[in-house]
Amino acid sequence: MKTFEEQIEIITGEILQDYQSGRDIDHMELFRQPDKEVVIDMIGKLRRIIFPGYSREKNFRIYNVRHNLSMLIEDVIFNLTRQITLVLQGTEADLPQPQAEARAQELALEFFRQIPQIRAMVQTDLDAAYEGDPAASCRDEIIFSYPGLFAITVYRTAHVLYGLRVPMLPRMMAEYAHSVTGIDIHPGASIGRYFFIDHGTGIVIGETTVIGDHVKVYQGVTLGALTTRGGQRLRGCRRHPTIEDNVTIYAGASILGGDTVIGRDCVIGSNAFITSSVAPCTTVTIKNHELQMKPRPCASASTAPEPFWNGTLTEKTPE
């Protein structure tokens, strides 16, 4: 009878042997892969740059703003350069280290040159959230607490890296926002100004989606593909819909297909399932769903539910 320690040694040997199978999941060169924790840390620091007064360190001082910002940018550029170098070498195995580092540094610098444009877009998203949600007491509340703005902000930064053809990192950033908010926006999607996500949980926006300006989307909306059976053969093809300006899409709606265009000023009702284009200035609703209400027997009179509010306020007489 083998001891517990001996059995552990046998199992270890069997798993090590399994690592020699040459499959994708057997790769062990982890030092050449991007670091997820570093990517998440960069997201937090980028938010400090985009919203300087809302996510700063406690020891931040206004009179040191230039010095603090310079150090913050240098820190993110250093880490971003390192992560881009790793993904470039991972996708281009024959790329020499010096060339990978030089290209990564230029990509990181170009990304930071676009920070003012990112911030301008995020301001429009903040304005859309405030103007579009009567429950918002102020813009500060939206910045601090709205998952939609968080997801959109991460998307805006990831989209720039995606446009610079940085591999892997934009998707890692987007999936982190997805894990935090439940909102899945592919960094390849093209989204215009004044984009508002209300509530947000369960939203899916596919890679080739095109969204215009002043679009409002509620929870559970899918902007997806009709089919992905073609697998990798569909890479680069238009698979997701186009949403033109001033469109509102209510909860649970699904709009699918690369040829599907929702015209400007449309309203798409809850749970609509759309696979063909909709003309501008159209309201789409589901017609034949009806609510049925039937009385049911209660266990006893004492547990009978009170009737629904009938719109009249009355005061109960104290017993």
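Here, the structure is the one placed above.
This write-up is about the structure you can find in this document.

About the thresholds
Residues numbered from 1 in each chain as written. Predicted model: local features only at pLDDT ≥ 70, side-chain atom pairs only at ≥ 80, totals over all residues. Heavy atoms only, no water. Helix = DSSP H or I, 4+ residues; strand = E, 2+ residues; numbered from the N terminus. Buried < 20%, exposed > 50% of the residue type's maximum accessible area, 1.4 Å probe, protein only. Contact = heavy atoms within 4.5 Å. Areas by Shrake-Rupley, 256 points an atom, 1.4 Å probe, with all protein chains shown as cover. Disulfide = S-S within 2.5 Å. Expected span 1.5 Å × (residues − 1). Lys, Arg positive; Asp, Glu negative; His and termini not counted. Salt bridge = Lys/Arg side-chain N within 4 Å of Asp/Glu carboxyl O.

### A closer look at the overall build of the chain
Then, number 1: Assigned secondary structure in the chain consists of eight helices and 14 strands.
Then, number 2: Looking at the chain residue by residue over its 319 residues, the buried ones come to 39%.
Then, number 3: Taking all contacts inside the chain whose residues are at least 6 apart in sequence as the whole, residues at least 24 apart take part in 46%.
Then, number 4: Summing over all exposed atoms, the chain offers an accessible surface of approximately 20100 Å²; the carbon and sulfur share of this is 54%.

### Here we look at the state of the cysteines
Then, number 1: Per the stated rule, a full pass over the model turns up zero disulfides.
Then, number 2: Free cysteine Cys266: the closest other cysteine sulfur is in Cys281, separated by 6.9 Å.

### Side note on helix α5 (residues 115-132)
Then, number 1: Between its first and last C-alpha, α5 extends 25 Å over 18 residues, near the 26 Å set by a 1.5 Å rise per residue.
Then, number 2: Buried residues of α5: Ile115, Ile118, Val122, Thr124, Asp125, Leu126, Asp127, Ala128, Ala129 and Gly132, and no others.
Then, number 3: Where α5 is buried, its residues contact α2 (36-50), α4 (97-113), α6 (139-145), α7 (147-163), β3 (196-198) and β6 (216-218).

### Here we look at unusual backbone geometry
The phi angle of most residues is negative, glycine excepted, and most peptide bonds adopt the trans form.
Then, number 1: Although it is not a glycine, His214 adopts a positive phi angle of roughly 60 degrees.
Then, number 2: Tracing the backbone through its elements, the reader meets His214 in the loop between β5 (210-211) and β6.
Then, number 3: Overall, the relative accessible area of 41% leaves His214 in the partly exposed class.
Then, number 4: The phi torsion at Cys281 lies on the positive side, around 60 degrees, for a residue other than glycine.
Then, number 5: With respect to the helices and strands, Cys281 occurs in the loop between β13 (273-274) and β14 (283-284).
Then, number 6: Owing to a relative accessible area of 52%, Cys281 belongs among the exposed residues under this scheme.

### A closer look at the side chain of Asp198
Then, number 1: Residue placement: Asp198 occurs in strand β3.
Then, number 2: Despite being buried, Asp198 has no salt bridge partner; Lys216 is the closest side chain of opposite charge, sitting 4.5 Å away.

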